[in-house]
Amino acid sequence: MKRLLVSACLLGQPVRYDGESNENKVNQLAEQLRQWQQQGRIIAVCPEVAGGLTTPRPAAEIQGGDGHDVLDGKAKVITNQGDDVTTEFIKGAQQTLALAQKYHAMAALLAARSPSCGVGQIYDGEFQRQLTQGDGVTVALLQRHGIQCFSPDDHSCLLHWMNDL
């Protein structure tokens, strides 16, 4: 049975930086996620909370690259107040990877555009709501360990992956 890590905010938990959830971002997957949860196939996680950050918390973006660069020590995660939260983001990514390994999850459905969970696109580090290509810190670490990452925008690919035996 395939197991899936899922951003807790996508499951309705109010753990986003602003204390809200992203449950409305998975409308096309909502019923399927409920079914997978009932089957014990979902592992909920918020990497930022797992890394020790509070909810709510200041918005953060990656400056100087993407999550791969953060892991390589070439970029930092900075809040809109100027605080460096790189350590917390890396710790949260490591905690998320540990959960994936413990429960043998080989894929993850993660919140789009987040500095932790963004898959393929993240905000550019200028706090102007401008997107750039790149992955969040957690996505980068999961990918380095062979874990496939999906955003809610990739719902059809995720469904295919989960149903492909």
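Structure: see above.
Residues numbered from 1 in each chain as written. Predicted model: local features only at pLDDT ≥ 70, side-chain atom pairs only at ≥ 80, totals over all residues. Heavy atoms only, no water.

Q: Could you clarify how one ought to interpret the layout of surface pockets in this entry?
A: Empty pockets left among the atoms are what a rolling probe the size of a water molecule brings to light. Volume-wise, the largest pocket comes out at about 670 Å³. Lining the largest pocket we find 33 residues, and of these Arg 16, Tyr 17, Ser 114, Pro 115 and Tyr 123 sit closest to its centre. When contributions to the lining of the largest pocket are tallied by element, the ones reaching two or more residues are helix H2 (47-50) and strand S3 (60-63). Residues of the lining of the largest pocket, tallied by class, amount to 20 nonpolar, six polar and seven charged. (1 Å grid on protein atoms, 1.4 Å probe; cavity = no way out; pocket = protein on both sides within 12 Å on 5 of 7 lines; lining within 4 Å. Points joined across faces, edges and corners; volume = space filled by probe spheres on them. Helix = DSSP H or I, 4+ residues; strand = E, 2+ residues; numbered from the N terminus. Nonpolar A, V, L, I, M, F, W, Y, C, P; charged D, E, K, R; others polar.)

Q: I'm lost on unusual backbone geometry in this one. Help?
A: Leaving glycine aside, a negative phi is the common case for residues, and trans is the common case for peptide bonds. The peptide bond linking Thr 55 to Pro 56 adopts the cis configuration, its omega dihedral lying at -5°. Within the fold, Pro 56 resides in the loop between H2 and S3. A positive phi angle, close to 70°, is found at Arg 113, a residue other than glycine. Relative to the helices and strands, Arg 113 is located in the loop between strand S5 (105-109) and strand S6 (121-123). According to the relative accessible area criterion, Arg 113 is partly exposed, its value standing at 24%. With phi around 65°, Arg 129 is a residue other than glycine that occupies positive phi space. Note that Arg 129 resides in the loop between S6 and strand S7 (131-133). (Buried < 20%, exposed > 50% of the residue type's maximum accessible area, 1.4 Å probe, protein only.)

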